[in-house]
Amino acid sequence: ICIFLSGGIDSSLVTAIAVKELGSVQTFSIGFQDSRFDESGYARSIAKCLGTLHHEKILSPNPLTVVQDIARVLDQPFADSSIVPTYLLAKFARENLIVALGGDGGDEVFGGYDRYVAAPIMQRANYLLAIAKPIAAVMSKSGVVSERKMKRIISQLQAHPSLAARYASIMSLTQPSQIARLLKPEFNLAGANDVYISDFKREGARDSLHAMIRS
């Protein structure tokens, strides 16, 4: 048994528990020669801290070949680009072992995504909307935040009546303005998120973080 270790919250927790229960465990991670996409250093640090037998491979894959290979092994279309590194990692680990543990789902449970921090901050910063785009442009050019992510943030920086509405917007693949351009005018999107927002507000959440995680 091995563990797919990325160095993130989820796989690091799984690895820590496995080490506690089993003693020595093997961990596998991959990295990429393009530093913009390489996170292997995080996995390496966790593996060293926990004392695992760590295996690492730095890759420079041909995207076209990888996509063709993935299409042959999936049972159905899969719209998450994470399948690319996951496939490459599984292929690497399969050279030695056939059973692996992963951390999928941990970010949802333990609040590992940026959106859990970003949504409340954006909600409190509505009054800064007038200068949001100039600031975003500077951050994007400086390399602090990628241009793709910056465009996503800008699209979210629209005043919403509640955190629930903003979080629903963040979780949507497309924004209402984009959907409106695809549909006939008679389609009313005003209440599209009403059910979600109502569920978001149900009793029991201790704070905004827990409300987002359980939604």
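The following refers to the structure shown. For clarity, every value in this text was computed on a predicted model and none was experimentally measured.

## A short note on the overall build of the protein chain
- Each helix and strand in the protein chain was counted, giving 12 helices and 4 strands.
- Taken over 215 residues, the protein chain has a buried fraction of 27%.
- Within the protein chain, residue pairs in contact and separated by at least 24 positions form 66% of the contacts whose partners lie at least 6 positions apart.
- Counting every atom, the protein chain has about 14400 Å² of accessible surface; 59% of that belongs to carbon and sulfur.

## Here's the deal with the pairing of strand E2 (residues 26-32)
- Burial analysis of E2 places 6 of its 7 residues in the buried class, the great majority of the element.
- Here strand E1 (residues 2-4) runs beside E2; their pairing, made up of 3 bridges, is parallel. Across the sheet, residue cysteine 2 finds its bridge partner in E2, namely glutamine 26.
- Taken together, E1, helix H1 (residues 9-22) and E2 constitute a β-α-β crossover, and its handedness is right-handed.
- The pairing of E2 with strand E3 (residues 53-59) spans 7 bridges and is classified as parallel.

## Topic: helix H2 (residues 40-50)
- Considered for burial, the residues of H2 that qualify are Ser40, Ala43 and Ala47. Along H2, the residues classed as buried sweep out an arc of 60 degrees about the axis, all on the same side. Seen from the buried face of H2, the exposed residues on the opposite side, beyond 90 degrees, are Tyr42, Lys48 and Cys49.
- Buried-residue contacts for H2 involve E2 and E3.
- Where H2 terminates, the next one or two residues include glycine 51, which has phi positive at roughly 75 degrees.

About the thresholds
- Residues numbered from 1 in each chain as written.
- Predicted model: local features only at pLDDT ≥ 70, side-chain atom pairs only at ≥ 80, totals over all residues.
- Heavy atoms only, no water.
- Helix = DSSP H or I, 4+ residues; strand = E, 2+ residues; numbered from the N terminus.
- Buried < 20%, exposed > 50% of the residue type's maximum accessible area, 1.4 Å probe, protein only.
- Contact = heavy atoms within 4.5 Å.
- Areas by Shrake-Rupley, 256 points an atom, 1.4 Å probe, with all protein chains shown as cover.
- Pairing = 2+ DSSP bridges.
- Right-handed = clockwise from strand over helix to strand, strands pointing away.
- Arc of directions from axis to C-beta.

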